[in-house]
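# A look at the structure
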Number of protein chains: 2
Amino acid sequence: MRRPMSESTMKTINVEYAIIGAGTSGLGAYSKISRKTDSLLMIQDGPYGTTCARVGCMPSKLLITASDYAHHLTTSDFFGVTAAGHVDGHKVFERLRRERDERFVANNLRYVDKIPPHHKLEGRARFIGPGHLRVGESVEVKAEKFILACGSRPAVSEVFEPVMDRVLTSDTVFELNDLPHSIAVIGMGVIALELGQALHRLGVETTIYGRSGKINALTHPDMQQEALDILSSELDIYPTGQVVSTWEDAEGAWIEFEQSNGRRVTKVFDRILVATGRTSNVDRLGMEHTGAEFTEAGKVVFDPQTMLCSDTPIFIAGDAAEYLPVWHEAFDEGRIAADNALNYPDPVPVDRRPPLMVFFTDPQIAIIGQSFRELQGLEIIIGELPFASPRHVVWNKVEGRIQVYLDARTGVILGAELLGYQAEHLAHLLALAITHSMTAEQVLMMPVYHPSAEELLRDVLIDAREKRRIYAAEAMMHSNTVPAYS
Amino acid sequence: MRRPMSESTMKTINVEYAIIGAGTSGLGAYSKISRKTDSLLMIQDGPYGTTCARVGCMPSKLLITASDYAHHLTTSDFFGVTAAGHVDGHKVFERLRRERDERFVANNLRYVDKIPPHHKLEGRARFIGPGHLRVGESVEVKAEKFILACGSRPAVSEVFEPVMDRVLTSDTVFELNDLPHSIAVIGMGVIALELGQALHRLGVETTIYGRSGKINALTHPDMQQEALDILSSELDIYPTGQVVSTWEDAEGAWIEFEQSNGRRVTKVFDRILVATGRTSNVDRLGMEHTGAEFTEAGKVVFDPQTMLCSDTPIFIAGDAAEYLPVWHEAFDEGRIAADNALNYPDPVPVDRRPPLMVFFTDPQIAIIGQSFRELQGLEIIIGELPFASPRHVVWNKVEGRIQVYLDARTGVILGAELLGYQAEHLAHLLALAITHSMTAEQVLMMPVYHPSAEELLRDVLIDAREKRRIYAAEAMMHSNTVPAYS
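Keep in mind that this is a model prediction, so the values were computed, not measured.

Residue and element names in this part refer to chain B. Within the secondary structure, D113 is located in helix α4 (residues 89-114). On the basis of relative accessible area, D113 is assigned to the exposed category, the value being 61%. Taking the C-alpha atoms as reference, D113 lies 9.9 Å from Y48; in sequence the two are 65 residues apart.

Here is the structure:
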């Protein structure tokens, strides 16, 4: 029997700054604060290495690249190149882990290794009072300012309890030694669609189970529908409903899914990939002991321009904040949190960058700036075209659509939703334009090479410009013929 | 025996505007002028359809896409996808011509078909006096303003006379019915490198013969060398020397090439692709009868901001001008020429877009804004990185380099040279920045997704910014320690 630790064996560390988590945002915060003071401690629970490098962006892109090559074999014939081949699942995962560990995770670890030992502490942190942490069982940390960069974990519904030994999440899927014969993918978010399509293209019998019926990365109903139509033409998708029960037998893991029309479908799989979102690890930190303010949903209230949690000297950053859970935002937030912790109690609000999200599916899904939904109520002009420039025709990749939203009054580009082959590049071009509040006219001053995917962006901006001209002419006519009321 | 045409059978057409050539720039000019007047004539020599659609951008990109698929078969294994296959040369060309003719050329022809017959004339035009053209043998055209949009033709040296029936140019290579067994590619410009690499990847034994030893699309010596090194690691290239003789026998066409060190190499080929540049067709127009001014090299003098030829009411546009022989410039020039013809005799100078050039090789070569060579004598900061962001690592495409040139004083981005996988997208992002005279700092305000190729651009701008800081600090130190002379 384990006895309670006596007071005398408890070690207490006093520092000015405590950073909880050594992922992308925690390391970003560390790099800023360590330049100013030696009085800081970074506390890590579990192995070092960022979510991005270990289980996120990098291994997923490595898997997708392998799936691209498998897919080429099926599309090659059209171009006059007869191709055949097979996927060696063992080799796919072996290479994925080798590249991941030797390049991306190794980079993380090299950085962590250079951090002096007295700046690092390993163990799970939990607040036991304001400014007061317990870490593991034998250490307490007292600090003046805290940065919560403790990341998130995959959310797995209790309905999967009976089949847990066949359940994978993004935390475990990349540890497979071979491709499963079949897989159920639960969710229609970025992880579900990227990995579901990649596994399908690598030869795994894949079924995707959605919930809302919508691909919510996009917000315009036409874009959502077109994305679903295109992906459904390749993948086996049940977009709407819920998993009502699961069980396991010798055949595998069974899923009973109730569709929105009440009909139930039952299927058996080797594996189940649950990709229904991630939950912040902040709920495990004992935040109730800090005096922090909570939303009705139990989330810590913070200001995204300073990352400061209300009524505390605590800052939050990265996936822990659940604000914009993508790498470049985690990186920014770590730095914003650090700058403002250094400046505490006088935080300086920072203008966040325009939001940018990319799904590395085929076709890709991307959204930049303000979404169609966010622009409801504003007078906007929608430039819109199929994703089919001459270059896309050359590639035989002409599925999808682009919508660009202009402020009707000024012509400034406010946002865009994209669904198309390699949409990421057009999204970045728009990102630069939106960052600097450019008009369509200003972007159209740039040279655009022929034939390039960027011609599509040019053409959709021309479309928006023409529509805005008509809009302006009609507004003018309206103002000429209707008596003014003011 | 054909008798000379009598005066009485000669038909004379009087119009205000004559456009010579119905390619990209000619059609662009036509679309502008035809909106303002009915008094115009577009004269076309040979079949309709632009250089771009028939023998340029589009068929070359179609061939390159096929070669990409052939290449995938050789790189697939690395990713765990074992692949094999073969290239069906007949099918490659059949598909190339089908797509080209049914999509791109057909688009041209549909546009031309809609032009009213009295605006079109077919035949070769030649000036017989100022304002006075002979077209073919039986028509004369008198016009007040002219637009020369007569394009260019491949230049073929006389050394190839003995093997002309085995010589191909970009005008004829896409008419092949199958892949040759072997080909000599003469030149190291865009056509030579794009088609040479594509044919090699499709299985043709390919040898490329350069002249200057340099890939002149790039101007920084390190970039030129790295491009040559990378391409030479895949392709059989003799970069420096000249073809001294050719002859044909039962084995094929022989080429004797004298290298810069004086050594001669002799090889035999099925085919020879001469891609040593193109010559403007203006030399066939009888410009000596127009009063136009000529350079020492015999080229017509014109102002690239108005496209007006000195001392004439003649404008020039597109490949005929030999200014920037790429599609988007031809398109612009047709419109600039048309606007200024409409405004004659008061042409309005137009600011040209920053120059942009892309080679669709692998890795791609791109240049945007001012080249390193053009910036000689200015104080510049060179941001420089290998073309190897995390995304490039994921793709296993890490060859090449990017250089970005900043004005040392202001930090404004002046130009860039790129050599890397899909460099075209970074070149376009820089194109927008350069068009609006942005600083590195301004571009760095945009969001950049992880992992994306655009991270490379971010990182090279950070590199440039840091170097500029050091430069500024040193300049400051210098000014503090050295007595001022003024």
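Before going further, it helps to examine the relation of the copies chain B and chain A. Of the transformation placing chain B onto chain A, the axial shift is 0.0 Å and the rotation is 180°, giving an RMSD of 0.0 Å. The two molecules are tied by a two-fold rotation axis, judged by turn and shift. Residue by residue, 100% of the interface of chain B is reproduced at the interface of chain A, so both copies engage with the same surface.

Residues and elements named next belong to chain B. Inspection of the entire model under this criterion finds 66 salt bridges over all chains. The partner of R458 in a salt bridge is E455, with the nearest N and O atoms 3.5 Å apart. Of this pair, R458 and E455 are both found in helix α11 (residues 454-481), three residues apart, which corresponds to roughly one turn of the helix. Note that E466 and R465 form a salt bridge whose closest N and O atoms lie 3.5 Å from each other.

Turning to the sheet that holds strand β13 (residues 241-249) of chain B, a few remarks are in order. All names here are of chain B. Taken in spatial order, the three strands line up as β13-β14-β15 in an open sheet, and their pairing is antiparallel. Looking at which strands have only one partner, the edges of the open sheet turn out to be β13 and β15 (264-269). The average angle at which neighbouring strand axes cross in this sheet is 20°, direction not considered. Note: strand β14 (residues 252-259) against β15, six bridges, orientation antiparallel. Within the sheet, the bridge partner assigned to E258 lies in β15 and is R264.

Quick look at the UniProt feature "domain: FAD/NAD(P)-binding" (unreviewed entry) in chain A now. Feature annotation in UniProt assigns "domain: FAD/NAD(P)-binding" (unreviewed entry) to the following positions: residues 17-334 of chain A. Across residues 17-334 of chain A one finds 30% helix and 29% strand; the C-alpha atoms that close the span lie 13 Å apart.

The side chains of a regular strand alternate, first on one face of the sheet and then on the other. Residue and element names in this part refer to chain A. Summarising burial for strand β2 (residues 40-44): five of the five residues are buried, a large majority. Of the two faces of β2, the one lined by L40, M42 and Q44 and the one lined by L41 and I43 are each fully buried. Alignment of strand β1 (residues 11-20) against β2, held across four bridges, turns out to be parallel. Paired with A18 across the strands is L41, a residue of β2. In the classification by handedness, the crossover that spans β1, the intervening helix α1 (residues 24-33) and the parallel β2 is right-handed. Judged from the three bridges that link them, β2 and strand β4 (residues 120-122) form a sheet pairing that is parallel. Each residue of the ladder has a partner; that of I43, found in β4, is L121.

Turning our attention to the interface of chain B and chain A. Chain B puts 74 residues into the contact, and the matching count from chain A is 74 residues. For the pair chain B and chain A, the two sides together bury roughly 6,400 Å², of which 65% comes from carbon and sulfur. When the buried area of chain B at its contact with chain A is split by residue, Y69, P447 and Y449 of chain B rank highest and sum to 13% of it. Summed over the shared surface of chain B and chain A, the result is four salt bridges. A salt bridge links D77 of chain B to K91 of chain A; its shortest N-O distance comes to 3.1 Å. Summed over the shared surface of chain B and chain A, the result is 28 residue pairs in polar contact (both at pLDDT 80 or more). For the side of chain B that touches chain A, the element with the most residues is helix α3 (residues 57-75) of chain B, which contributes eleven residues.

Basis of the calculations
- Residues numbered from 1 in each chain as written.
- Chains lettered and ligands numbered in written order.
- Predicted model: local features only at pLDDT ≥ 70, side-chain atom pairs only at ≥ 80, totals over all residues.
- Heavy atoms only, no water.
- Helix = DSSP H or I, 4+ residues; strand = E, 2+ residues; numbered from the N terminus.
- Buried < 20%, exposed > 50% of the residue type's maximum accessible area, 1.4 Å probe, protein only.
- Least-squares fit on C-alpha atoms with pLDDT ≥ 70 in both.
- Contact = heavy atoms within 4.5 Å.
- Salt bridge = Lys/Arg side-chain N within 4 Å of Asp/Glu carboxyl O.
- Pairing = 2+ DSSP bridges.
- Axes fitted to C-alpha atoms, helices over the stretch in contact; angles between N-to-C directions.
- UniProt positions renumbered as here; feature names shortened; annotations may be inferred.
- Right-handed = clockwise from strand over helix to strand, strands pointing away.
- Buried area = accessible area lost by both parts, 1.4 Å probe.
- Polar contact = N/O pair within 3.5 Å; in protein donor to acceptor, adjacent residues only side chain to side chain.

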